[in-house]
Amino acid sequence: EGRTIVVASHNRGKLEEIGALIAPFGLSAKSAADYNLPEPEETGTEFEQNAYIKAFAAAAATGLPALSDDSGLCVDALGGAPGVYTADWAETGNGDRDFMMAMRTVEEKLQALGAAEPDQRRAAFVATLCLAFPDGHCDFFRGEAPGHLIWPPRGDLGFGYDPVFVPAGKLLTFAQIDPAEKHAISHRADAFRQLVAAVL
Ligand code: IMP
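Before going into details, it helps to say that this report is about the structure given with it.

About the cut-offs
- Residues numbered from 1 in each chain as written.
- Predicted model: local features only at pLDDT ≥ 70, side-chain atom pairs only at ≥ 80, totals over all residues.
- Heavy atoms only, no water.
- Helix = DSSP H or I, 4+ residues; strand = E, 2+ residues; numbered from the N terminus.
- Rg over C-alpha atoms; globule rule 2.2 N^0.38 Å.
- Contact = heavy atoms within 4.5 Å.
- Areas by Shrake-Rupley, 256 points an atom, 1.4 Å probe, with all protein chains shown as cover.
- Lys, Arg positive; Asp, Glu negative; His and termini not counted.
- Charge placed at Lys NZ, Arg CZ, Asp CG, Glu CD.
- Axes fitted to C-alpha atoms, helices over the stretch in contact; angles between N-to-C directions.
- Parallel < 35°, antiparallel > 145°, perpendicular 65-115°, else oblique.
- Left-handed = near helix turned anticlockwise from the far one by under 90°.
- Nonpolar A, V, L, I, M, F, W, Y, C, P; charged D, E, K, R; others polar.
- Phe/Tyr/Trp six-rings, centres within 6.5 Å; stacked < 30°, edge-to-face > 60°.
- Buried < 20%, exposed > 50% of the residue type's maximum accessible area, 1.4 Å probe, protein only.
- Pairing = 2+ DSSP bridges.
- Salt bridge = Lys/Arg side-chain N within 4 Å of Asp/Glu carboxyl O.

Observations regarding the overall build of the protein
Here is step 1: A count of helical and extended segments in the protein gives five helices and six strands.
Here is step 2: Secondary structure of the protein in N-to-C order comes out as β-α-β-α-β-α-β-β-β-α-α.
Here is step 3: For 200 residues, the compact-globule estimate of 2.2 N^0.38 gives 16 Å, and the C-alpha radius of gyration of the protein, at 17 Å, lies within 12% of that figure.
Here is step 4: Referenced to the eigenvectors of the C-alpha coordinate spread, the extents of the protein come out at roughly 55 × 35 × 25 Å.
Here is step 5: Summarising the internal contacts of the protein: among those between residues at least 6 apart in sequence, 58% fall at separations of at least 24.
Here is step 6: When the accessible area of the protein is evaluated, it comes to approximately 9700 Å², of which 52% is carbon and sulfur surface.
Here is step 7: Distance from the positive charge centre (16 side chains) to the negative charge centre (28 side chains) of the protein: 3 Å.

This is how it looks when you write it as structure tokens:
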């Protein structure tokens, strides 16, 4: 029980990835759903703010350390959008998320700017992890995965915007490579390496 950590997320894709990242450290991960925690409203305008809202709500409710991830896709030519609104761009209006629609929205904006070359289509996934304790103390770790966006989407692994994101130096999208390979180079892995160096 002393080594239990609550992963403050309801996102399956993230839960699986964070679970895989922390497993080697002998920490047992519980999810926000295991404690019937509500999904707090993400009212921040920075990844750090939303990460703190989620982690602290879970730590306060459970009395256990909680780890959250707030992440998104930042497209250079769009001034960093969708950024903290990455999940919002997939909202359909009836409570569902449609990532094909979200990816198309990004693509339409890039095409409207005439962005055709990989250089003009640069983007980065960003992940901010927040490790929060019931007393309110917290630490932040920010990771990035640079790359560029392609169209049409390719691959059916991963989640979210993975099918349009080609990480720097690779030819395949995050949705085409083995999950283990994604875990080695992802924004979440980058942030997690910093967390491990600092606290584990
Ligand atoms: P959050 O749950 O508010 O942090 O929203 C983050 C959104 O960014 C998710 O809904 C995903 O669509 C997207 N995202 C974050 N990380 C990844 C990733 O590794 N691959 C693809 N999409 C991601």
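Focus: the packing of helix 1 (residues 12-22) against helix 5 (residues 187-199)
When two helices pack together, you describe them by how their axes are tilted relative to each other and by the distance separating the axes.
Here is step 1: Here helix 1 crosses helix 5 at 40°, and the two axes come no closer than 11 Å. One finds that helix 1 runs oblique with respect to helix 5. Both helix 1 and helix 5 take part in a crossing whose hand is right-handed. Residues Lys-14, Glu-17, Ile-18, Leu-21 and Ile-22 of helix 1 pack against Arg-188, Ala-189 and Phe-192 of helix 5.
Here is step 2: The residue makeup of the contact of helix 1 with helix 5, split by class, is five nonpolar, no polar and three charged.

Some words on the packing of aromatic side chains
Here is step 1: Tallying each qualifying case throughout the model produces six aromatic pairs.
Here is step 2: For the pair Tyr-52 and Phe-56, a centre-to-centre distance of 5.5 Å together with 0° between the ring planes defines the contact as stacked. Of this pair, Tyr-52 and Phe-56 are both found in helix 2 (residues 47-62), four residues apart, which corresponds to roughly one turn of the helix.
Here is step 3: One aromatic cluster is present, built from ring pairs that chain together Phe-125, Phe-165 and Phe-174.

Remarks on the side chain of Thr-128
Here is step 1: By secondary structure assignment, the location of Thr-128 is in strand 4 (residues 122-132).
Here is step 2: Classification of Thr-128 by relative accessible area gives buried; the value is 0%.
Here is step 3: What Thr-128 contacts, discounting residues up to four positions off in sequence, is Phe-47, Glu-48, Ala-51, Ser-68, Asp-69, Asp-70, Phe-140, Phe-141 and Arg-142.

Things to note about the sheet that holds strand 5 (residues 138-149)
Here is step 1: Pairing is mixed across the open sheet formed by six strands, whose spatial order is 2-1-3-4-5-6. Where the open sheet ends on each side, the last strands, each with one partner, are strand 2 (28-31) and strand 6 (165-167). Each strand of the sheet is rotated relative to its neighbour by a mean of 35°, with strand direction disregarded.
Here is step 2: Of the strand pairs in this sheet, strand 3 (residues 66-75) and strand 4 are connected by 10 bridges, and their pairing is antiparallel. The residue bridging Asp-70 from the neighbouring strand is Thr-128, located in strand 4.
Here is step 3: Those strands touched by helix 1 are strand 1 (4-7), strand 2 and strand 3, and its axis lies near 120° from that of strand 3.
Here is step 4: Lying on the sheet, helix 2 is in contact with strand 1, strand 3, strand 4 and strand 5; it crosses strand 3 at an angle near 160°.

Topic: the environment of Ala-124
Here is step 1: By the element assignment, Ala-124 lies in strand 4.
Here is step 2: On the accessibility criterion, Ala-124 (11% relative accessible area) is buried.
Here is step 3: Ignoring sequence-local partners within four residues, the contact set of Ala-124 consists of Gly-72, Leu-73, Cys-74, Glu-144, Ala-145, Pro-146 and Phe-165.

Notes on the pattern of salt bridges
Side chains that carry opposite charge are capable of pairing whenever their charged atoms lie near each other.
Here is step 1: Counted according to the given criterion, the structure contains 12 salt bridges.
Here is step 2: In this structure, Glu-91 and Arg-97 form a salt bridge, with 3.3 Å as the shortest nitrogen-oxygen distance.
Here is step 3: The class for Glu-91 is partly exposed, based on a relative accessible area of 34%.
Here is step 4: In this structure, the salt-bridge partner of Glu-181 is Lys-170, at a minimum N-O distance of 3.6 Å. One end of the pair, Glu-181, is in helix 4 (residues 179-185); the other, Lys-170, is in the loop between strand 6 and helix 4, with 11 residues separating them in the sequence.
Here is step 5: Looking at Glu-181, the relative accessible area reads 34%, which means it is partly exposed.

Everything listed is a geometric property; what it means functionally is a separate question.
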